[in-house]
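Here are the chains, one letter per residue:
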Amino acid sequence: MEIEINNILVIGANGQIGSVLVPALQNIYGKSCVIASDIYDNGDANKVFEILDATNFDALQGVIEKYKITQIYHLAAILSAKGEKNPQLAWEVNVNSFINVLEVSVKHDIKKVFYPSSIAVFGLNAPPKNTPQNTILNPTTIYGVSKVAGENLAQYYFTKYGLDVRSLRYPGIIGYQSLPGGGTTDYAVDIYHKAIIGENFDCFLKANTELPMIFMDDAIKATIKLMQAPIENIKIRTSYNLSGMSFSPEEIYNSIKKHYPNFSIKYIPDFRQDIADNWVSSIDDKEAVIDWNWSPNYDLESMTDIMVTMLAKRYK
Ligand code: NAD
């Protein structure tokens, strides 16, 4: 019997998701088998770490060879709000680094690749409620455009080379462990921090802007479940719809107010409102449920309970 070797490279490991995914992978595969990488070192000594710019193919290949990597989680990206300020950089990082990952994976016989897509792939012509897996994708942000390209590249490399690329369309991710990196759903993390430190919150979206969201623990659970599913269960090779919950700024504010009755909010919409106006508000993820048994554990109220408890400890 062939023994499976799991040497895992996480690219973009210092970000909001990577800083939670790396310890989760360490727990499963062991610390020495998880190689974290990013364009900067955040000084966290609790992991094996390499500085790596994934837009540099030779540097990427060097790390793959050095650690005999067999799996890649490619998290590096420029997110939606940041991307609108520098579209060329967003394309360079989001698309070209992914092509490097795909090419190096074919060349070095990488067994599995994880690629995060986003609800930003949907645009105004997609059904906005309970958006189905297979629908029109005409995003209005460079971030969404780059993620649609990434999804199609994932499917292309699977079909042409048999590369086992697996992907999720993450909703906005909310966690207490790390800070978000410049997306349109960032407000839903910031709002908890402001409530806990006793400040008022200026919200960059309007009160009734409902968007799909997910608690970090559910996002990590989905990622690991997808990556551990038997290959024959993975029927979608672009990217799976994934749903956790949906809410508006007013709804999350009311849920926090139950814990902090004096907390106040002001709505000051900026350019991110235009981005959100083109996004869908809830997601139908039945393919993920059927193919690899997906179900989230958290809704808005249970997430708020944990967020306020954990952040109150942090700021004590
Ligand atoms: P983040 O911005 O917090 O982290 C991204 C990391 O990538 C950063 O640490 C950054 O330094 C690194 N990076 C940037 N350019 C790089 C390069 N050239 N080479 C290597 N590393 C580079 O993002 P995140 O929230 O952790 O998101 C991770 C992935 O999940 C991204 O692909 C993002 O598009 C996707 N996603 C995130 C969310 C969310 O709500 N956080 C939602 C949908 C999809």
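Further up the page is the structure itself.
A.B. asks: How should I be thinking about helix 6 (residues 187-197) in this particular structure?
C.D. replies: Since the α-helix turns once every 3.6 residues, residues separated by three or four places project in the same direction. Of all 11 residues in helix 6, eight are buried; the element is thus mostly enclosed. Every buried residue of helix 6 is accounted for by Tyr-187, Ala-188, Val-189, Ile-191, Tyr-192, His-193, Ala-195 and Ile-196. Two residues or fewer past helix 6, Gly-198 is found with a positive phi of approximately 80 degrees.

A.B. asks: How should the packing of helix 6 against helix 8 (residues 249-257) be read in this particular structure?
C.D. replies: Between two packed helices, what matters for the description is the angle formed by their axes and the separation of those axes. Contact geometry of helix 6 with helix 8 gives a least axis separation of 11 Å together with a crossing angle of 30 degrees. For the element pair helix 6 / helix 8, the angle class is roughly parallel. Relative to helix 8, the crossing made by helix 6 is right-handed. Residues Tyr-187, Ala-188, Ile-191, Tyr-192 and Ala-195 of helix 6 pack against Pro-249, Ile-252, Tyr-253 and Ile-256 of helix 8. Here the contact of helix 6 with helix 8 is built from residues that sort into nine nonpolar, no polar and no charged.

A.B. asks: Would you mind going over the side chain of Gln-71 with me for this structure?
C.D. replies: Examined against the element boundaries, Gln-71 turns out to sit in strand 4 (residues 71-74). For Gln-71, the residues in contact, after removing those within four places along its chain, are Asn-6, Asn-7, Ile-8, Leu-9, Ile-110, Lys-112 and Met-227.

A.B. asks: Quick question: what am I supposed to make of the packing of helix 1 (residues 18-29) against helix 7 (residues 216-228) here?
C.D. replies: Contact geometry of helix 1 with helix 7 gives a least axis separation of 10 Å together with a crossing angle of 45 degrees. Classified by the interaxial angle, the pair formed by helix 1 and helix 7 is oblique. Here helix 1 runs over helix 7; the crossing is right-handed. Judged by residue contacts, Val-20, Leu-21, Ala-24, Leu-25, Ile-28 and Tyr-29 of helix 1 engage Met-216, Ile-220, Thr-223, Ile-224 and Gln-228 from helix 7. Its residues placed into classes, the contact of helix 1 with helix 7 shows nine nonpolar, two polar and no charged.

A.B. asks: Is there a simple way to think about the sheet that holds strand 11 (residues 245-247) in this case?
C.D. replies: Working definition: the strands of a sheet are paired by backbone hydrogen bonds and lie parallel or antiparallel to each other. Across the sheet, which stays open at both edges, the three strands sit in the order 7-9-11 with mixed pairing between neighbours. Taken across any chain shown, the strands that pair with only one partner, and hence form the sheet edges, are strand 7 (172-174) and strand 11. Across the sheet, the axes of successive neighbouring strands diverge by a mean angle of 45 degrees, strand direction being ignored. With three bridges joining them, strand 9 (residues 211-215) and strand 11 adopt antiparallel strand pairing. When the sheet's bridge partners are listed, Leu-211 is paired in strand 11 with Phe-247. Its contacts with the sheet place helix 6 against strand 7, strand 9 and strand 11, and it is angled at close to 25 degrees to strand 7.

A.B. asks: Would you explain the packing of aromatic side chains in this entry?
C.D. replies: Each aromatic ring pair is described using two quantities: the centre-to-centre distance and the angle formed by the ring planes. In this structure the tally under the stated criterion is 10 aromatic pairs. Their ring planes at 90 degrees and their centres at 5.6 Å tell us that Tyr-240 and Trp-292 sit as a pair that is edge-to-face. A residue pair is termed long-range when its members are at least 10 positions apart, and Tyr-240 in strand 10 (residues 240-241) and Trp-292 in helix 10 (residues 286-292) qualify at 52 residues. Taking the relative accessible area as the measure of exposure, Tyr-240 reaches 0% and is therefore buried. Seen from their ring centres, Tyr-253 and Phe-263 are 5.6 Å apart, and the 45 degrees between their planes marks the pair as tilted. Of this pair, Tyr-253 sits in helix 8 while Phe-263 sits in the loop between helix 8 and strand 12 (265-267), placing them 10 residues apart in sequence. This pair shows no difference in class: Tyr-253 is buried, exactly as Phe-263 is. One residue, Arg-237, lies across the ring of Phe-158, its end atom 4.0 Å from the ring centre. Over the aromatic face of Phe-204 sits the side chain of Arg-272, whose NZ or CZ is 3.6 Å from the ring centroid.

Rules of the game
Residues numbered from 1 in each chain as written. Predicted model: local features only at pLDDT ≥ 70, side-chain atom pairs only at ≥ 80, totals over all residues. Heavy atoms only, no water. Buried < 20%, exposed > 50% of the residue type's maximum accessible area, 1.4 Å probe, protein only. Helix = DSSP H or I, 4+ residues; strand = E, 2+ residues; numbered from the N terminus. Axes fitted to C-alpha atoms, helices over the stretch in contact; angles between N-to-C directions. Parallel < 35°, antiparallel > 145°, perpendicular 65-115°, else oblique. Left-handed = near helix turned anticlockwise from the far one by under 90°. Contact = heavy atoms within 4.5 Å. Nonpolar A, V, L, I, M, F, W, Y, C, P; charged D, E, K, R; others polar. Pairing = 2+ DSSP bridges. Phe/Tyr/Trp six-rings, centres within 6.5 Å; stacked < 30°, edge-to-face > 60°. Lys NZ or Arg CZ within 6 Å of the ring centre and 35° of its normal.

Taken by themselves, the reported measurements are silent on function.
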